Amino acid sequence: MQLESALTEDQRQVLWKFVRGDVNANEFEKWLYNETALETAFEDESYLILIGCDFRSKEDTYKIKASIRSVLEVGENCRCLAVRDLDNIEMGGDWFFEKFFATLTKLASPPTKQWWLYISRCNACCTNWLVAQEERIHDQFYVERISDRVVQKAKAGIWPDRFRTYADVLDMGVKLGVSEARFVDPMSGSLQVTVEELLQTVLTISAREVGL
Ligand SMILES: [Zn+2]
């Protein structure tokens, strides 16, 4: 797939939202047919492929996303647009996290004992990210796009509710469908430490919930 001329900022944003999953195929299809200016932005054959896609087919949608992504990635200075508004990024895996964090600078950490939590800003596109680091069970970063206002409030001591406890962080793994970790040693150090912390920080949690 190829571009004929530069995309507008709005077009680039919507295409990325579709690729990363913040806009569903149905919404994207409607936008696509209304956004007739795309016809001149994409090279002829690429545009025909785009509007010829059967968005009801999961396979076709997956393929078209991959094609659009390869076009969009050219010339991007950071990886922010590839990440959903609320997303998980694997530590290790395909090492995408290294590229994502390469342009991020830490802005603030909570004044409390929430060691897993911080706010970073991208030096390239100025997106702010709330980051929760879950390195004990699933090895994931959970990230959420946040506004400048939320950053200012956090700097003044009022942090967002999201990821307030380590149990919230673990819950996010379930919500985002991160596969369950299997520990060879059920009494492994990181599991014990996590259970102790859950018991300390979440007073309402029952022993049954933490599997004791
Ligand atoms: Zn960025």
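Predicted, not measured: the structure shown is a model, and the values here were computed from it.

Peer 1: Sorry if this is basic, but what is going on with the nonpolar core here?
Peer 2: Across soluble globular proteins, nonpolar side chains show a tendency to be buried alongside one another. Of all hydrophobic cores here, the largest spans 22 residues; its most connected members are Trp-116, Ala-132, Tyr-142, Val-143, Phe-163 and Val-169. Those elements that provide at least two residues to this core are strand 3 (117–122), strand 4 (128–134), strand 5 (140–146) and helix 8 (166–175). Membership of the second largest hydrophobic core comes to ten residues, among which are Trp-16, Phe-18, Val-19 and Ile-68.

Peer 1: Honestly, the confidence of the model for the protein in this entry has me stumped. Any pointers?
Peer 2: For residues with low pLDDT, the predicted coordinates do not support detailed interpretation. Averaged over all residues, the pLDDT of the protein equals 89, while 85% of them reach at least 70. Per-element mean pLDDT across the protein ranges from 68 in helix 9 (residues 189–201) up to 98 in strand 3.

Peer 1: It is not clear to me how unusual backbone geometry should be interpreted in this structure. Could you clarify?
Peer 2: Glycine aside, the phi torsion of most residues is negative, and most peptide linkages are trans. Phi angles above zero are rare outside glycine, and Asp-139 is one such case at about 55°. Take Asp-139: it is sitting in the loop between strand 4 and strand 5. The phi torsion at Phe-163 lies on the positive side, around 65°, for a residue other than glycine. Along the chain, Phe-163 turns up in the loop between helix 7 (148–155) and helix 8.

Peer 1: Explain the pairing of strand 3 here, please?
Peer 2: It is a general feature of regular strands that their side chains alternate between the two faces of the sheet. Across four bridges, strand 2 (residues 104–108) lies against strand 3 in antiparallel orientation. Bridging across to strand 3, Ala-108 finds its partner in Ile-119. Relative to strand 4, strand 3 runs antiparallel, the two sharing five bridges. Bridge pairing links Ile-119 to Leu-130 in strand 4. Counting the residues in the hairpin turn of strand 3 and strand 4 gives five residues, including Cys-126, whose phi is positive at 65°.

Parameters at a glance
Residues numbered from 1 in each chain as written. Predicted model: local features only at pLDDT ≥ 70, side-chain atom pairs only at ≥ 80, totals over all residues. Core = buried A, V, L, I, M, F, W, Y, C linked by C-beta atoms within 7 Å. Buried ≥ 20, exposed ≤ 12 C-beta atoms within 10 Å, placed from the backbone. Helix = DSSP H or I, 4+ residues; strand = E, 2+ residues; numbered from the N terminus. pLDDT = per-residue confidence, 0-100. Pairing = 2+ DSSP bridges.

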